[in-house]
Amino acid sequence: MTSRINLFDREIGRLNDVLCAINLLGWDARTQMPAGAARMRGAQVATLTGLARGIATGRAIRDAIAMELDGLDDRPESALRRRALLDTQAAIRIADRIPESLVVEAAALKTEAQQVWAEARTKSDFALFQPLLERTVLIQREIAAAIGYAAHPYDALIQQYEPGMTLAELQSLFARLKAGLLPLIDTALGRPQPRLDVLERSYPVDAQKRFALEIAQKFGYDLKRGRLDVTVHPFEVSFTREDVRITGRFRENWLPGGLFAIWHEAGHGIYEQGVDPAFTRSAFATDIINLYAVGGASFGMHESQSRLFENRVGRSHRFWELHYGALQTNFPASLGDIDMETFWRAVNVVRPSFIRVEADELTYDFHVILRVEIEAALIAGDIAVKDLPRIWAEKVKTYLGLTVPDDTQGVLQDVHWSAGMIGSFPTYTIGNVMGAQLFATARKAPEVAAGLQSGDYLPLTRWLNHHVHRHGRSKTPGEILRFATGSGLDPAPYLEDLSEKVALLA
Ligand code: ZN
């Protein structure tokens with residue numbers, strides 16, 4: 001097979017092309033598409049998804065894998081190739097276990113559930129959404145049973161987003177986080193609150209964009225292979241490493257909403273842009289289980305990169321010492337009378353709130369913990385969907401000390417469940433923890449430390465590129481973490497960082 005194109009590469013390349021086209025249609029739907037096109041776009045995406053599934057589980061790719069595995073020798077140079085073949089084979093086996101009828105049922109339910117959820121959320125009426133969520137839970141239970149698990153059905157669902165993670169490991173992680181975070185929150189809340197009015201002054205959107213993008217480029221986001229658009233919910237999406245787009249949302253009277261979201265999405269984008277070019281259109285840039293073109297190793301590893309740039313760098317004291325002057329120059333009328341210290345305190349406010357996506361760093365993980373506890377209990381059948389508003393309110397009271405005023409600000413706030421995504425929430429906290437671990441290790445490299453001091457972020461990005469980005473999906477998140485930091489998932493660096501910050505806020 002020397003001069004002929006390799007059959008496996010051809011099939012994976014075709015699959016990746018279709019998945020990139022789906023991503024592009026999705027990007028268009030969220031940035032440019034007129035509302036009237038929604039139904040037809042749904043049909044187009046469904047057709048392409050069917051095509052992708054056909055390629056991913058088809059005869060041609062199975063035969064190509066079997067044939068090539070047969071002929072593969074044991075030389076170390078063959079290890080990467082073997083891995084691509086075996087990983088793909090394993091993903092096809094998981095797809096095989098989920099009956100086609102269940103896939104179709106889940107897809108149909110998703111379209112309906114998202115519509116009803118949006119209406120229920122607007123009306124703050126959980127009862128409207130309840131029957132749809134009940135069907136979603138039943139389907140997800142069947143999917144968990146089909147995928148298989150050793151200890152808990154929730155383990156099967158987590159696998160789709162974070163390979164290797166289990167509920168048991170999450171529970172011990174959460175226990176350490178609770179023990180570490182609660183005293184920090186108490187300390188922070190015992191202090192005078194910062195001046196948030198400063199962030200609500202007038203910040204013209206064009207200047208926000210310009211400043212946010214300048215910093216994103218300093219972080220290493222390459223605009224020659226990227227672009228920024230405006231959407232309701234910020235996101236990042238890629239169509240190979242050569243075209244990695246981000247979106248943001250800007251409000252003239254709320255400065256942090258725009259800036260930090262851009263740096264978050266830029267962190268995701270830098271990851272995708274940094275995947276080894278040799279992996280383009282390969283198994284190592286293709287998530288076969290979720291039928292998604294992506295170079296990141298897992299949802300959690302992806303989130304580690306976004307949270308690292310958003311919080312570990314973007315909310316640090318040194319960062320604002322270096323860049324507050326430039327921010328003031330962009331907004332002289334609003335920031336001329338505000339010193340850097342006042343501003344830094346405002347963007348690091350600790351304030352328990354109802355909405356996860358607006359939560360501060362110290363309370364954020366409690367939003368995740370309460371959702372994961374609810375999801376695991378739902379999938380195990382320990383609690384009923386109809387009781388969710390009450391259970392939600394109890395947990396928000398316990399973890400955040402707040403009384404939920406209505407379903408909109410409570411159980412209905414997130415889109416995930418309506419999209420059939422049960423098992424993805426843990427990856428937000430995993431990302432926080434991994435991001436801090438990677439950052440703590442990176443800072444030990446003298447050139448990275450010097451760069452963070454002087455405002456040159458490229459040594460940090462090069463470190464991340466070498467240890468994380470370039471590997472694409474050729475290593476598991478656990479392997480990357482061990483390769484980069486020498487240890488497994490460990491919340492200690494995260495808790496240390498937050499405790500240093502609370503001390504600085506004194
Ligand atoms: Zn993210």
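It should be noted that the structure appears before, not after, this text.
Residues numbered from 1 in each chain as written. Predicted model: local features only at pLDDT ≥ 70, side-chain atom pairs only at ≥ 80, totals over all residues. Heavy atoms only, no water.

Participant: I'd love a proper account of the overall build of the chain, names of residues and values included.
Facilitator: The number of helices and strands found in the chain is 21 helices and 5 strands. For the chain, with 506 residues in total, the buried portion stands at 54%. Of the contacts formed within the chain by residues at least 6 apart in sequence, a portion of 73% connects residues at least 24 apart. For the chain, the computed accessible surface area is about 21,500 Å², with 55% contributed by carbon and sulfur atoms. Here the chain carries 56 positive and 62 negative side-chain charges, and the mean point of each set is 2 Å from the other. (Helix = DSSP H or I, 4+ residues; strand = E, 2+ residues; numbered from the N terminus. Buried < 20%, exposed > 50% of the residue type's maximum accessible area, 1.4 Å probe, protein only. Contact = heavy atoms within 4.5 Å. Areas by Shrake-Rupley, 256 points an atom, 1.4 Å probe, with all protein chains shown as cover. Lys, Arg positive; Asp, Glu negative; His and termini not counted. Charge placed at Lys NZ, Arg CZ, Asp CG, Glu CD.)

Participant: I'd like a description of the packing of aromatic side chains, backed by residues and values.
Facilitator: In total, this model carries 21 aromatic pairs according to the counting rule given. Ring geometry for tyrosine 203 and phenylalanine 331: centres 5.0 Å apart, planes at 80°, overall edge-to-face. Linking tyrosine 203 in the loop between α8 (167–189) and α9 (205–219) with phenylalanine 331 in the loop between α12 (317–330) and α13 (332–335), this pair joins segments that are 128 residues apart in sequence. The same class applies to tyrosine 203 and to phenylalanine 331, which are both buried. For the ring pair tyrosine 324 and phenylalanine 343, a centre distance of 5.1 Å and an interplane angle of 35° mean the geometry is tilted. (Phe/Tyr/Trp six-rings, centres within 6.5 Å; stacked < 30°, edge-to-face > 60°.)

Participant: Pulling in residues and values, what's your account of helix α3 (residues 59–71)?
Facilitator: With 13 residues, α3 ought to run about 18 Å at 1.5 Å a step, and its terminal C-alpha atoms sit 19 Å apart, in line with that. Every buried residue belonging to α3 is among Ile61, Ala64, Ile65, Glu68 and Leu69, and all of these are buried. Looking straight down α3, one finds that the buried residues subtend no more than 120° of arc, so they occupy a single side. Facing away from the buried side of α3 by more than 90 degrees, the exposed set consists of Arg59, Asp70 and Gly71. The inward-facing, buried residues of α3 abut α1 (7–31), α2 (38–56) and α4 (79–97). (Expected span 1.5 Å × (residues − 1). Arc of directions from axis to C-beta.)

Participant: Tell me what's going on with the side chain of asparagine 23, and back it up with residues and numbers.
Facilitator: As for its position among the elements, asparagine 23 is in helix α1. Here serine 238 takes part through its backbone oxygen, which lies 3.0 Å from a polar atom of the side chain of asparagine 23. Discounting residues that sit within four places of it in the chain, asparagine 23 has contacts with Val237, Ser238, Phe239, Tyr292 and Ala293. (Polar contact = N/O pair within 3.5 Å; in protein donor to acceptor, adjacent residues only side chain to side chain.)

Participant: Tell me about the nonpolar core, and please be specific about residues and values.
Facilitator: Counting 123 residues, the largest nonpolar core has Trp263, Val313, Trp320, Leu327, Phe343 and Leu460 as its most contacted members. Broken down by element, this core gets its largest block of residues, 11 residues, from helix α15 (residues 361–380). Those residues in contact with tryptophan 320, other than ones at most four positions away along the chain, are Phe211, Leu259, Phe260, Trp263, Gly314, Arg315, Leu327, Met340, Phe343, Trp344 and Val347. (Core = buried A, V, L, I, M, F, W, Y, C linked by side-chain atoms within 4.5 Å.)

Participant: Please set out the environment of leucine 308 residue by residue, giving values where relevant.
Facilitator: Tracing the sequence through the fold places leucine 308 in helix α11 (residues 299–313). The class for leucine 308 is buried, based on a relative accessible area of 0%. For the pair leucine 308 and glutamine 437, spaced 129 residues apart in the sequence, the C-alpha separation amounts to 9.6 Å. Sequence-distant contacts of leucine 308, defined by excluding residues within four places in its chain, comprise Val313, Gly435, Leu438, Phe439, Leu460 and Leu464.

Participant: Go over the pattern of salt bridges, please, and point to the residues and values.
Facilitator: Scanning the entire structure with this criterion turns up 39 salt bridges. For the salt bridge of arginine 53 with glutamate 100, the shortest nitrogen-to-oxygen distance reads 3.0 Å. You can see arginine 53 sitting in helix α2 and its partner glutamate 100 sitting in helix α5 (residues 100–123), a full 47 residues away along the chain. Between arginine 83 and aspartate 87 there is a salt bridge, and its shortest N-O distance comes to 3.5 Å. (Salt bridge = Lys/Arg side-chain N within 4 Å of Asp/Glu carboxyl O.)

Participant: Describe unusual backbone geometry, naming the residues involved and giving the relevant values.
Facilitator: The residue arginine 281 is not glycine, and still its phi comes out positive at about 60°. By the secondary structure assignment, arginine 281 is in the loop between α10 (255–273) and β4 (286–287). Within the chain, leucine 291 stands out as a residue other than glycine whose phi angle is a positive 45°. Here leucine 291 lies in the loop between β4 and β5 (292–293).

Participant: An account of the pairing of strand β3 (residues 244–248) is needed here, citing residue identities and associated values.
Facilitator: A large share of β3 lies buried, amounting to 5 of its 5 residues. Here β3 shows no split at all, with Val244, Ile246 and Gly248 on one side and Arg245 and Thr247 on the other all buried. Strand direction decides the pairing type here: strand β1 (residues 226–230) and β3, joined by 5 bridges, are parallel. Its bridge partner lying in β3, leucine 228 is registered against isoleucine 246. Bridge count between strand β2 (residues 236–238) and β3: 3 bridges; the pairing is antiparallel. Paired with valine 237 across the bridge in β3 is arginine 245. Counted between consecutive antiparallel strands, the loop separating β2 from β3 contains 5 residues, among which threonine 240 sits at a positive phi close to 70°. (Pairing = 2+ DSSP bridges.)

Just geometry here; none of it tells us what the structure is for.
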